[in-house]
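Observations on chain architecture
Each chain, letter by letter, is given below.
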Amino acid sequence: MTARDPALDTITEKVERAERLSRADALALFASNDLLTIGRLADLVNRRKNGDRVSFAANQHINPTNVCVLRNTCVFCSFARMPREAGAYTRTLDEVFAEAEAARDNPTREFHIVGGLHPKLRLSYYLDMFRGLTARHPGVHIKALTAVEVAHLARLERMSVRDVLVAMRQAGVTSLPGGGAEVFSPAARATIADKKLSGEEWLGVHREAHRLGIPSNCTMLYGHVETLADRVDHLLALRALQDETGGFLTYIPLAYHPDHNELGEALGRTGTATTGFDDLKNIAVGRLVLDNVPHVKTHWPMVTPFISQVALTFGCDDLEGTVVFERVYHEAGAGTPMWLSYDQIVSLIRRAGKEPVERDSLYRTVRTFEDWVPSDPGREPGVPGVRPEGPEGPTFEISHRPRARARGGRTLPVLSAVDAAE
């Protein structure tokens, strides 16, 4: 068992008094190996906010295109392709609508729509998509386009970010996802996502969305080249914007996956780049530092359903959702299922001693499960390797890039948060 860390005594007193943690406190939390104490404190904070309720969404992921102008500079990404590169695709609207038809056979409440920065897809393509989805599935929320995609469309159309967001809202978008934040550190971004929207610009898009009444999620990508100080400063920047606008619904720490991308090749990493220890610590520290964000989500496709289940006692109160059909992280080597059924999700939550609650995109309760029984009583819910029936067809396929190498002769520094701590 990990020895108790006396450096956490002052932090414990602050948490028990519900006082805001400082930058020094956050650094001490990330530097500590006393995971159980950190988890206990985060669980205390979460119980104050959310009790024993754990929410999830019945959601479907749609990725209209993987063609991206940042293909050669976002070296951590395994999803993006150049227009003529093997595996590149761009869906027609009819193909998007056909893919969305899977929602009719599932209790889908949310479309989660993100993709690449296509050099030729205009705003009208996306607005027609949102209107078409809303007309065909009027009860399904649309959570769509990262801040990076919104800013890209604003540049293409020579419009303001505000005007793009207004058009999206009028076409049916109800919230924004939190992707594209990565980590705000300029040094880390220069290494992993050169040419991408800066941290300040990412925050600016979300600030504008919040002012327009469009809530959003926030994220941090960890486990690549960032330092512990980078993680802390990223969280503090999110907290400051939330103080200003109150528009963030949930925080999601995202674990870097190194397969099939140039960064993983340069760092000599394969498989899973993070450990379960680090995954749980990022959940817990996020809950403790982001005292003004209502929810903390674990993204089970990245860290496995079972690490996510443990995270429910480390400050986390949201288990993502059914996630039909996750493409972005599976192209980076994630070995998790492509989706989970109601049975599996409800079982994971209940077996952690929590109360499952289905929610919509805005965290409003859709359904509770007091009288729930497995839809297939002959099968044990949540058994590893057992997957529900899912969508089929050529658009529901994963295409890995060939072995990746850093381009342009760049040498990427081998620096990680663990290295920095040591």
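Residues numbered from 1 in each chain as written. Predicted model: local features only at pLDDT ≥ 70, side-chain atom pairs only at ≥ 80, totals over all residues. Heavy atoms only, no water.

**A closer look at the overall build of the protein chain**
Using the following cut-off: Under the DSSP-based scheme used, a helix requires at least four consecutive residues in state H or I and a strand at least two consecutive residues in state E, with every element numbered from the N terminus. The contact rule is simple, with two residues in contact once any of their heavy atoms fall within 4.5 Å. Only the protein chains shown count as covering a residue, and every accessible area follows the Shrake-Rupley method with a 1.4 Å probe.
The helix and strand tally for the protein chain stands at 16 helices and 11 strands. Put simply, of all contacts in the protein chain between residues at least 6 apart along the chain, 78% involve residues at least 24 apart. With the model as given, the accessible surface of the protein chain reaches about 16,700 Å², and the carbon-plus-sulfur share is 51%.

**Some points on the packing of helix α10 (residues 228-245) against helix α12 (residues 276-289)**
Applicable threshold: The axes used here are C-alpha line fits, helices contributing only the stretch in contact, and every angle between their N-to-C directions lies in the interval 0 to 180 degrees. Crossing handedness is defined as follows: a turn of the near helix away from the far one that is anticlockwise and smaller than a right angle gives a left-handed crossing, while the clockwise case is right-handed. Polar here means any residue other than Ala, Val, Leu, Ile, Met, Phe, Trp, Tyr, Cys and Pro, which are nonpolar, and Asp, Glu, Lys and Arg, which are charged; Gly is therefore polar.
One way to put it is that α10 packs onto α12 with a least axis distance of 10 Å and a crossing angle of 35°. Of the two possible hands of crossing, α10 and α12 adopt the one that is right-handed. Contact with α10, carried on its side by R231, L235, L236 and R239, involves D278, N282, V285, G286 and V289 of α12 and no other residues of that element. In terms of residue class, the contact of α10 with α12 is built from four nonpolar, two polar and three charged.

**Re empty space enclosed by the protein**
Note the threshold: Cavities and pockets are found on a 1 Å grid laid over the protein atoms alone: a cavity is a set of points where a 1.4 Å probe fits but cannot escape, a pocket is an open set with protein on both sides within 12 Å along at least five of seven lines, and a lining residue has an atom within 4 Å of such a point. Grid points are joined across faces, edges and corners, and a volume is the space filled by probe spheres set on the points.
Scanning all chains against the criterion turns up two cavities of 30 Å³ or more. Taken as a whole, the second largest cavity holds about 70 Å³ of empty space. Taken together, the elements giving at least two residues each to the lining of the second largest cavity come down to β7 (248-255), α12, α13 (300-303) and α14 (305-311). The greatest single-element share of the lining of the second largest cavity, amounting to three residues, is contributed by α12. Of the residues assigned to the lining of the second largest cavity, the class counts are nine nonpolar, two polar and two charged.

**Some thoughts on the environment of V232**
If you trace the backbone, V232 turns up in helix α10. The sequence separation of V232 and L27 amounts to 205 residues, and the corresponding C-alpha distance is 6.5 Å. Contacts of V232, omitting those with residues within four sequence positions, involve R23, A26, L27 and F30.

**Topic: the pattern of salt bridges**
Pairing is possible between side chains of opposite charge, provided their charged atoms come close. The following threshold applies: In what follows, salt bridge is the name for a side-chain nitrogen of Lys or Arg lying within 4 Å of a carboxyl oxygen of Asp or Glu. Note on exposure labels: buried denotes an accessible area under 20% of the residue type's maximum, exposed denotes more than 50%, and partly exposed covers the range between, all computed with a 1.4 Å probe on protein chains only.
For the structure shown, the criterion picks out 25 salt bridges. The closest approach of N and O atoms between K297 and E320, which form a salt bridge, is 3.3 Å. Of this pair, K297 sits in the loop between β8 (295-296) and α13 while E320 sits in strand β9 (residues 318-321), and the two are 23 residues apart along the sequence. In this structure, R364 and D360 form a salt bridge, with 2.8 Å as the shortest nitrogen-oxygen distance. For D360, a relative accessible area of 9% corresponds to the buried category. One network of salt bridges, with partners in common, ties together D43, R47, D52 and K354.

**Comments concerning the packing of helix α6 (residues 147-157) against helix α7 (residues 161-171)**
To keep it simple, the criterion reads: For this classification, under 35 degrees means roughly parallel, over 145 means roughly antiparallel, 65 to 115 means roughly perpendicular, and everything else is oblique.
Where α6 meets α7, the axes come as close as 9 Å, and the angle between the chain directions of the two elements is 110°. Between α6 and α7, the angle falls in the class roughly perpendicular. Between α6 and α7, the contacting residues are V150, A151, L153 and A154 on the first element and V161, V164, L165 and M168 on the second. In the contact of α6 with α7, the residues fall into eight nonpolar, no polar and no charged.

**Considerations on the sheet that holds β7**
Strands belonging to one sheet form pairs held by backbone hydrogen bonds; the direction of such a pair is parallel or antiparallel. Stated formally: Criterion used throughout: strands pair if DSSP finds at least two bridges between them.
Strands sit in the order β6-β7-β8 across an open sheet of three strands; the sheet is parallel. Among the strands making up the open sheet, the edge pair consists of β6 (216-222) and β8. Taken together, the two bridges between β7 and β8 define a ladder with parallel strand orientation. Counterpart to Y251 in the pairing with β8 is V296. Each of β6 and β7 is contacted by α10, which is oriented at about 170° to β6, the strand it contacts most.

**A look at α6**
Here α6 lies mainly inside the structure; eight of its 11 residues are buried. Among the residues of α6, A147, V148, E149, V150, A151, H152, L153 and A154 are the ones counted as buried. Just past α6, the residue R158 takes up positive phi, approximately 55°.

**Observations concerning the sheet that holds strand β4 (residues 141-144)**
Pairing in this open sheet of four strands is parallel, and the strands run β2-β3-β4-β5 from one edge to the other. Only two strands of the sheet have a single partner each, and these edge strands are β2 (59-62) and β5 (173-175). Adjacent strand axes in the sheet meet at a mean angle of 35°, parallel and antiparallel pairs treated alike. Strand direction decides the pairing type here: strand β3 (residues 110-113) and β4, joined by four bridges, are parallel. Its bridge partner being in β4, E110 is matched across the sheet by H141.

**Side note on the confidence of the model for the protein chain**
Which entries qualify depends on this criterion: The predictor attaches a confidence to each residue, and that confidence, scored 0 to 100, is pLDDT.
Overall, the prediction assigns the protein chain a mean pLDDT of 86, with 84% of residues at 70 or greater. A low-confidence stretch, residues 404-422 stays under pLDDT 50, and its non-local contacts, those more than four residues away or across chains, total 41 contacts.

**Side note on the packing of aromatic side chains**
Put simply, the rule reads: Pairing of aromatic rings covers Phe, Tyr and Trp, the last counted by its six-membered ring, and requires centre-to-centre distances within 6.5 Å; plane angles under 30 degrees mean stacked, over 60 mean edge-to-face, and any other angle means tilted. The criterion for a charge sitting over a ring is simple: Lys NZ or Arg CZ within 6 Å of the ring centre, and within 35 degrees of the ring normal.
This model, assessed by the stated rule, comprises six aromatic pairs. Taken together, the ring pairs connect F56, Y342 and F369 into an aromatic cluster. Looking at R136, its charged tip hangs above the ring of F97, at a distance of 3.9 Å from the centre. Residue placement shows R359 over the ring face of Y363; its charged tip is 4.1 Å from the ring centre.

**A word on the side chain of Q60**
Threshold: For this analysis, a polar contact is any N or O atom pair within 3.5 Å, provided that within protein one partner can donate a hydrogen and the other can accept it, and provided that sequence-adjacent residues contribute only side-chain to side-chain pairs.
You can see Q60 is positioned in strand β2. One polar contact links the side chain of Q60 to the main-chain carbonyl oxygen of E99, over a distance of 2.9 Å.

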